[in-house]
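Close look at the chain arrangement
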Amino acid sequence: MDSALDLPTPIKKPDSIPVVETSQLGKSYRTGFWMNQKIESLKNFTLTVYQGETFGLLGQNGAGKTTLLKTLLGIVRPTSGWGLLLGQPLGDRAIKQQVGYLPENPYFYDYLTGWEFLQFAAGLFQIPKEVQRQRIPQLLDLVGLAHSAAIKKQLRQYSKGMLQRIGMAQALINDPELVFLDEPMSGLDPMGRYQMREIILSLKSQNKTIFFNSHVLSDVEQICDRVAILAQGELISIGNLNELLGNTETYHVRGKGGHLNVLKKWVPDLELEGEIWYGHLDANPQDFLATIKVMGAQLIGMNLARPSLEEFFIQKLHQRGIYSSS
């Protein structure tokens, strides 16, 4: 790892309970005709996620995000290191009763209806019929399918967005403490992404722990308590948004009109582009807004002068030599 690595120690509350713990977790595969080529999908991955957190893992396609989830879930075995889920070793069968999982490309039985599929999923967890009769309508309401004729249609007739919603419902059928979501926004239109975000926020309000992979950075920025960046199987950055992007109170302002000499007292690096002025505000924003109003100037825009999560993500990949704009 290089000197650009950002791994601040997470601020723990006194009652913080680790839900996901890994130390030096690694996963490698043999490939090639003679199986003599080694590919490291995961390298020395160390992480702790606490109860009630919404944790987002970012990375390009092929960064190792899905490999990590499958390793945590016990679907594949790690090559090195160790991990715990809910205090138990990875792969513990009893713990799987308390875990929900939505794969990136889930397989559904095409000829089952939505309702039948949820009954099937509930049966795998041995959920009593009387509990199913209460829980399935609640989950359908949560994912926005309660009043849809879709629940009576076969799954082969579902759209991508509907399949994501029914997949989310099956991930929650056992009322899990910990939910893993692999690219839950993938392939969804703006309304579908909004609804998926709302579902995740509703889980968050129930103190569920949510761990999800995504490359839709705007969604992660809106709903996650902490985020991490995975690149070529390595954890290269982790923290909350203020830790990663900076907790700056400097604003970038744009406007037109007013007295430039007065504006320069508030915006020392004031620049002009035609009638538009812009620069960084070096004062209390409320006082500045009051001055703008008095002088009759028009404010066009005022934004926190810190990089977006997308800009930070690209910057980190640049530093690793992974991404080039050329």
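Presented here is an overview of the structure given in this document. (Residues numbered from 1 in each chain as written. Predicted model: local features only at pLDDT ≥ 70, side-chain atom pairs only at ≥ 80, totals over all residues. Heavy atoms only, no water.)

1. Observations concerning the sheet that holds strand E3 (residues 54-58)
Filter applied, for reference: Pairing between strands is defined by DSSP: at least two bridges between the two strands are required. Counting from the N terminus, the helices are the DSSP runs of H or I reaching at least four residues and the strands are the DSSP runs of E reaching at least two. Angles here are taken between N-to-C directions and fall from 0 to 180 degrees, while the axes themselves are lines fitted to C-alpha atoms, restricted in helices to the stretch in contact. Note on contacts: a residue pair qualifies if any of its non-hydrogen atoms lie within 4.5 Å across the two residues.
Strand order in the open sheet formed by 6 strands is E6-E7-E8-E3-E9-E10, and the pairing between neighbours is mixed. Either end of the sheet is taken by a strand with one partner, and the two such strands are strand E6 (99-102) and strand E10 (234-239). Taking each pair of neighbouring strands and ignoring which way they run, the sheet shows an average axis angle of 15°. Sheet analysis places strand E7 (residues 178-182) next to strand E8 (residues 209-214), joined by 5 bridges and oriented parallel. What sits directly across from Leu178, in E8, is Thr209. In the packing of helix H1 (residues 65-72) onto the sheet, the strands contacted are E3, E6, E7, E8 and strand E9 (226-231), and the crossing angle to E8 comes to about 150°. Running at roughly 30° to E9, helix H10 (residues 309-319) makes contact with E3, E9 and E10 of the sheet.

2. Points about the pairing of strand E4 (residues 80-85)
Pairing between strand E1 (residues 18-31) and E4: 5 bridges, direction antiparallel. Its bridge partner being in E4, Ser23 is matched across the sheet by Trp82. Note that E4 and strand E5 (residues 88-89) share 2 bridges and pair antiparallel. Bridge pairing links Leu85 to Gln88 in E5.

3. Considering helix H9 (residues 285-295)
To keep it simple, the criterion reads: Think of it in three bands: with a 1.4 Å probe and only protein chains considered, a residue is buried below 20% of the maximum accessible area for its type, exposed above 50%, and partly exposed in between. Here the arc refers to the set of directions running from the helix axis out to each C-beta atom. In protein, a polar contact requires one atom able to donate a hydrogen and another able to accept it; more generally it is a pair of N or O atoms within 3.5 Å, and residues adjacent in sequence count only if both atoms are side-chain atoms.
Every buried residue of H9 is accounted for by Phe288, Ile292 and Met295. The arc enclosing the buried residues of H9, seen along the axis, measures out at 75°, which places them on a common side. In H9, the exposed residues that point more than 90 degrees away from the buried face are Gln286, Lys293 and Val294. For H9, the secondary structure elements touched by its buried residues are strand E11 (251-256), helix H8 (260-266), strand E13 (276-281) and strand E14 (298-304). By the N-cap criterion, in which a side-chain oxygen at the helix start approaches the backbone nitrogen of a residue two or three places on, H9 is capped by Asn284, the distance to Gln286 being 2.8 Å. The positive-phi residue at the C-terminal boundary of H9 is Gly296, with phi of around 75°.

4. Structural notes on the packing of aromatic side chains
The line we're drawing: In summary, the pairing rule links any two rings of Phe, Tyr or Trp, Trp by its six-membered ring, whose centres are within 6.5 Å, and it sorts them by plane angle into stacked for under 30 degrees, edge-to-face for over 60 and tilted for everything else. For a lysine, the NZ atom is tested; for an arginine, the CZ atom; a charge sits over a ring if that atom is within 6 Å of the ring centre and within 35 degrees of the ring normal.
Taken as a whole, this structure holds 7 aromatic pairs when the rule is applied. Every member of this aromatic cluster is reached through a ring pair, and the members are Phe55, Phe180 and Phe211. Sitting above the plane of the Tyr29 ring, Lys27 keeps its charged end 5.1 Å from the centroid.

5. Re the pattern of salt bridges
Stated formally: Salt bridges are defined by distance alone: a side-chain nitrogen of Lys or Arg within 4 Å of a carboxyl oxygen of Asp or Glu.
Scanning all chains against the criterion turns up 7 salt bridges. Of the charged contacts in the structure, one is a salt bridge between Glu183 and Lys65, with a shortest N-O distance of 3.7 Å. In this pair, Glu183 sits in the loop between E7 and helix H5 (190-205) while Lys65 sits in helix H1, placing the two residues 118 residues apart along the sequence. You'll find Glu183 and Lys65 in the same group, each marked buried. Put simply, Asp225 and Lys204 hold a salt bridge, and the shortest N to O gap is 3.0 Å. Here the residue Asp225 occupies a position in the loop between helix H6 (217-223) and E9, and Lys204 occupies one in helix H5, the gap between them amounting to 21 residues. If you follow the salt bridges from partner to partner, you end up with Arg193, Arg197 and Asp219 in one network.

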